Amino acid sequence: MTLNRRQILLLLPAATVAWEYVLAGNPDESPNYKMSEHWWGMLIDITKCIGCGSCVRACAMENDVPEGYFRTWIERYHVSDWHIEAPEVDSPNGGKDGFPPGKEEGGKNFFVPKMCNHCVDSPCSQVCPVGATFHTPDGVVLVDYNYCLGCRYCIQACPYGCRFFHPKKHTADKCTLCYHRITKGLTTACCEACPTGARQLADLKNPNDPIHAFLKTHSVQVLKPHLATGSKLYYNSLDGSVR
Amino acid sequence: MAEFKDSAHLIRLAGVFLLGLVLFVVLQRTMTPRSFGRYGPFRGDALAEISARPVAYAGHEVCETCHSDEAALKASGAHKTVNCESCHGPLAKHADDPGTVQPVLPDVATLCLRCHSKNIAKPKGFPQTDAKPNSGGKPCDACHKPHSPGLQAGDKK
């Protein structure tokens, strides 16, 4: 059988489609998990955080976060009683090894755990030139490590400083809200390890989730609300000096 | 009106455009992953790849299926909000294969003080201690049992 040029040109698209279906295969998906039934966020209760660093260590062990980089970290704020706009913040090794006792200087002192805010209108995903940072239908912001070019634009765009450049993968990296855990019905590693319940994973689409009762009865705030990022990290008792 | 005699040029031009279109469609279909756009403007398979990561922390529900005595003891004391792996570390491998993977007991000398050392930024109601005067050099678990840290049974502190 001989093919002329015209027949080859006509066959090419059909062959492409067939080739695609053969090579792609089907991805493994969590069988009992329906993305449309969830909308994930997290509640962080500053009145309960003791700065022990359990969340930072748990995150590093669960997700193989390289030493010196953080998907979550803890900051300690010291706000003097005469200048609330200029807090002193320290975070030795991200709070991974706890904090030194601190000096009695008056003013107020508290810990603020930080991580990706999983914004609804996230600046990081808007600037990605290749669509490697994306929003899942259940409200989690993720990085496609095979698509990421490593241009670092998203790292600069995140107003919360939650992204870093992974030294081995050479891609942007960040908190996945333990997507491999929450799709299996588990809570995140940081919430599992938090000894006081200062962090609680919240499913805003689940009417039985305790987050709803909490939001009704407490003064809850997100970080940098003026940026309208649609953050889903809800802080209870957040001080105005926190940036 | 004179007939347009050079229409052959237009047909050739249309042919070039058509070829370009076919080439574009072929390249686009070849280079775009099949799962692109399944859930939104991104590669859908990335979700399955990310969620395929193995779990390191089993979760306290898994621990409690075997260690129900410890769970009941812990639930009665001040450490009721502390999950097992908060102190014992990630033990999903032990939960998968309890016979061969044995957990190591945490060292109380560092473990307890991670939470209970004095710190100015800790909430005022949280029990904090100066270890040396409080313990007199003894390890914490000489008096406080980690699963129910009160000095007497039922003691909440």
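Quick caveat: nothing in here was measured; it's all calculated off a predicted structure. (Residues numbered from 1 in each chain as written. Chains lettered and ligands numbered in written order. Predicted model: local features only at pLDDT ≥ 70, side-chain atom pairs only at ≥ 80, totals over all residues.)

Caption draft 1: Fine view of the overall build of chain B. A count of helical and extended segments in chain B gives 8 helices and 0 strands. For chain B, the sequential pattern of α-helices and β-strands runs α-α-α-α-α-α-α-α. For a compact globule of 157 residues, the expected C-alpha radius of gyration is about 15 Å, and chain B comes in at 33 Å, more than 25% above that figure. Reported as C-alpha extents along the three principal axes, the dimensions of chain B are approximately 110 × 45 × 25 Å. Within chain B, buried positions represent 22% of all 157 residues. Taking the intrachain contacts of chain B between residues at least 6 apart in sequence as the baseline, contacts between residues at least 24 apart amount to 49%. (Helix = DSSP H or I, 4+ residues; strand = E, 2+ residues; numbered from the N terminus. Rg over C-alpha atoms; globule rule 2.2 N^0.38 Å. Buried ≥ 20, exposed ≤ 12 C-beta atoms within 10 Å, placed from the backbone. Contact = placed C-beta atoms within 7 Å.)

Caption draft 2: Expanded view of the interface of chain A and chain B. Between chain A and chain B, the residue contacts involve 53 residues of the former and 39 residues of the latter. Of all the elements in the fold, those that place two or more residues in the side of chain A that touches chain B are helix 1 (5-24), helix 2 (54-63), strand 4 (108-115), strand 5 (133-135), helix 5 (179-182) and helix 6 (189-193) of chain A. When the residues that make up the side of chain A that touches chain B are grouped by side-chain class, the tally is 23 nonpolar, 19 polar and 11 charged. (Nonpolar A, V, L, I, M, F, W, Y, C, P; charged D, E, K, R; others polar.)

Caption draft 3: Fine view of the domain arrangement of chain B. Domain annotation of chain B identifies domain 1 (13-51) and domain 2 (60-142). For domain 1 of chain B and domain 2 of chain B, the distance between their C-alpha centroids amounts to 52 Å. (Domains from an automatic or database assignment.)

Caption draft 4: Main features of the sheet that holds strand 9 (residues 199-203) of chain A. Residue and element names in this part refer to chain A. The strand order 9-1-11-10 describes an open sheet built from 4 strands, whose pairing is mixed. Both edges of this open sheet fall to strand 9 and strand 10 (220-221), since each of them pairs with a single strand only. Of the pairings in the sheet, the one linking strand 1 (residues 40-45) to strand 9 comprises 5 bridges and is antiparallel in character. Considered in strand 9, the bridge of Trp-40 is made with Asp-203. (Pairing = 2+ DSSP bridges.)

Caption draft 5: Broad picture of the pairing of strand 1 of chain A. Residues and elements named next belong to chain A. Counting buried positions along strand 1 gives 6 out of 6 residues, so the element sits mostly inside the fold. Burial along strand 1 is two-sided: Trp-40, Met-42 and Ile-44 and Gly-41, Leu-43 and Asp-45, pointing in opposite directions, are all buried. Note that strand 1 and strand 11 (residues 233-236) share 4 bridges and pair parallel. Residue Leu-43 lies in a different strand from strand 11, and its bridge partner there is Tyr-234.

Caption draft 6: Looking closely at the nonpolar core. Counting residues in hydrophobic clusters, the biggest one holds 68 residues, and the most contacted among them are Ala-189 and Cys-190 of chain A. Mapping this core onto the domain boundaries places at least three of its residues in each of domain 1 (13-51) and domain 2 (60-142) of chain B. For Ala-189 of chain A, the contacting residues outside a window of four places in its chain are Ala-58, Cys-59, Glu-62, Cys-178 and Arg-181 of chain A together with Ala-56 and Tyr-57 of chain B. (Core = buried A, V, L, I, M, F, W, Y, C linked by C-beta atoms within 7 Å.)

Caption draft 7: Local environment of the sheet that holds strand 3 (residues 88-90) of chain A. Residue and element names in this part refer to chain A. What the 3 strands build is an open sheet, ordered 3-2-4; its pairing is antiparallel. Because the sheet does not close on itself, it has two edges, and the strands there are strand 3 and strand 4. Direction aside, the axes of adjacent strands within the sheet are offset by 25° on average. As defined by bridge partners, strand 2 (residues 72-79) adjoins strand 4 across 8 bridges and the pair is classed as antiparallel. Bridged to Trp-73 within strand 4 is Lys-114. (Axes fitted to C-alpha atoms, helices over the stretch in contact; angles between N-to-C directions.)

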